[in-house]
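# Understanding the architecture of this molecule
Chain by chain, the residues:
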Amino acid sequence: MGTITENLQKIKQNLPDHVKLVAVSKTKPNEDIVQAYNAGQRVFGENKVQELTTKYEELPKDIEWHFIGHLQSNKVKYIAPFVSLIHAVDSLRLLKTINKEAIKNERVIDCLLQFHIAEEESKFGLDWKKVEDILTSEDYKSLSNVRITGVMGMATFTDDELKVSDEFKRLHRFFSSLKSEYFEGDESFKELSMGMSNDYLLAVARGSTMVRIGSTIFGERNKH
Ligand SMILES: *Cc1c(COP(=O)(O)O)cnc(C)c1O
């Protein structure tokens, strides 16, 4: 494992220009984030509300913070003032809460719909039917301050590259179908957030526009 700066450089070399790197800094201290920041990285991802708000307060204000984890409705208010993108929206209820908090903060909050593509039961996410139920509902159509800019998904945690690649392909198909059926002509609907440390090259090959990479940049996390 190299330094954070070296690790970032290596990953960047593997990424086409149109793929955005979200540096997943969860559980890592501010010093690590500052190192990545000094190497030019500006986009960071966190999955705990408390940890994210603390880091937001303590670190440079030009950082673009992404929330990548499962978000509880009652915690949206803490990140609504500053979050750049919420990756894992998995219910209409959550979307409505994000909209309400966005209005209070006089801003529009960008969100991705999380699809369930992995075989594991435990992973959160929507299926095609549930996404259509959301997008065709009157409630959704009345939301003024959220903007859906794409989809997100996590592949099964396995060494089986064919399986992972197939899951990313499915997510890409969901993305394309949504684009043509619900977001045609909407230029802001363009993000396909898929790929982590172990599978980001497969994800990029399947059309990812945004990879979320943690341990390959910052080292292994302590399990907790
Ligand atoms: C932790 C996490 C990542 C990064 O995982 P690594 O394997 O460390 O790259 C990406 N996406 C989500 C949703 C995560 O929770």
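Here, every reference points to the structure presented above.
Residues numbered from 1 in each chain as written. Predicted model: local features only at pLDDT ≥ 70, side-chain atom pairs only at ≥ 80, totals over all residues. Heavy atoms only, no water.

Moving on to the overall build of the protein chain. On a plain count of helices and strands, the protein chain comes out with ten helices and eight strands. A compact globule built from 224 residues should have a C-alpha radius of gyration of about 17 Å, and the protein chain, at 17 Å, falls within 12% of that. Taken along its principal axes, the extent of the C-alpha atoms in the protein chain is 50 × 40 × 35 Å. Long-range pairs, those at least 24 residues apart, make up 60% of the contacts in the protein chain with a sequence separation of at least 6. Of the roughly 11300 Å² that the protein chain leaves accessible, carbon and sulfur atoms contribute 47%. Between the centroid of the 31 positive side chains of the protein chain and the centroid of its 34 negative side chains there is a distance of 3 Å. (Helix = DSSP H or I, 4+ residues; strand = E, 2+ residues; numbered from the N terminus. Rg over C-alpha atoms; globule rule 2.2 N^0.38 Å. Contact = heavy atoms within 4.5 Å. Areas by Shrake-Rupley, 256 points an atom, 1.4 Å probe, with all protein chains shown as cover. Lys, Arg positive; Asp, Glu negative; His and termini not counted. Charge placed at Lys NZ, Arg CZ, Asp CG, Glu CD.)

To continue, consider the environment of Asn47. Locating Asn47 in the fold gives a position in the loop between β2 (43–46) and α3 (49–58). The class for Asn47 is partly exposed, based on a relative accessible area of 23%. If we ignore the near neighbours within four places in the chain, the residues touching Asn47 are Lys26, Phe67, Ile68 and Gly69. (Buried < 20%, exposed > 50% of the residue type's maximum accessible area, 1.4 Å probe, protein only.)

Taken together, Val24, Lys26, Ile68, Met152, Met154, Met196, Ser197, Arg212, Ile213, Gly214, Ser215 and Arg221 form the complete shell of residues around the ligand. Within the side chain of Arg212, a nitrogen or oxygen atom sits 2.9 Å from a nitrogen atom of the ligand. When the free accessible area of the ligand is taken as 390 Å², the share hidden by the protein chains comes to 92%. Of the residues in the shell around the ligand, the class split is six nonpolar, three polar and three charged. (Near = heavy atom within 4 Å. Polar contact = N/O pair within 3.5 Å; in protein donor to acceptor, adjacent residues only side chain to side chain. Nonpolar A, V, L, I, M, F, W, Y, C, P; charged D, E, K, R; others polar.)

Attention shifts here to the nonpolar core. Formed by 61 residues in total, the largest nonpolar core has its most connected members in Ile79, Ile86, Leu95, Ile98 and Ile217. Ranked by residue count, the leading element in this core is helix α8 (residues 161–182), at six residues. Setting aside chain neighbours within four positions, we find Ile86 in contact with Phe67, Leu71, Ile79, Ile98, Ile109, Asp110, Cys111 and Leu112. (Core = buried A, V, L, I, M, F, W, Y, C linked by side-chain atoms within 4.5 Å.)

So, about a negative patch on the surface. On the surface, Asp159, Asp160, Glu161 and Asp166 cluster together into a patch of negative charge. Assignment of secondary structure puts Glu161 in helix α8. (Patch = residues over 30% accessible without salt bridge, like charges linked within 9 Å, V, L, I, M, F, W, Y side chains within 5 Å. Salt bridge = Lys/Arg side-chain N within 4 Å of Asp/Glu carboxyl O.)

Moving on, we get to the environment of Ser188. You can see Ser188 is positioned in the loop between α8 and β7 (191–193). Considering only alpha carbons, one finds Ser188 and Val131, 57 residues apart in sequence, at a separation of 18 Å. When near neighbours in sequence (up to four residues on either side) are disregarded, Ser188 contacts Arg147 and Thr149. There is a polar contact of 2.6 Å between the side chain of Ser188 and the side chain of Asp186.

Put simply, helix α1 (residues 4–14) and helix α2 (residues 30–38) touch, their axes get as near as 9 Å, and they point 50° apart. Comparing their axes, α2 and α1 come out oblique. Between α1 and α2 the crossing geometry is right-handed. Only Asp32, Gln35 and Ala36 of α2 make contact with α1, whose side of the interface consists of Ile4, Thr5 and Leu8. Residues of the contact of α1 with α2, tallied by class, amount to three nonpolar, two polar and one charged. (Axes fitted to C-alpha atoms, helices over the stretch in contact; angles between N-to-C directions. Parallel < 35°, antiparallel > 145°, perpendicular 65-115°, else oblique. Left-handed = near helix turned anticlockwise from the far one by under 90°.)

To continue, consider α2. Where α2 is concerned, the buried positions are Asn30, Asp32, Ile33, Ala36 and Tyr37. Buried residues of α2, viewed axially, fall in a sector of 160°; they line one side. For α2, the exposed residues set more than 90 degrees away from the buried face come down to Glu31 and Asn38. Buried positions along α2 lie against α1, β2, α3, β3 (64–67) and α10 (215–218). (Arc of directions from axis to C-beta.)

A separate point is the side chain of Ser208. Examined against the element boundaries, Ser208 turns out to sit in the loop between α9 (200–205) and β8 (210–213). Within the local environment of Ser208, its side chain forms a polar contact with the backbone oxygen of Met194, the two atoms lying 2.8 Å apart. Discounting chain neighbours no more than four positions away, the residues touching Ser208 are His18, Val19, Leu192, Met194 and Ala203.

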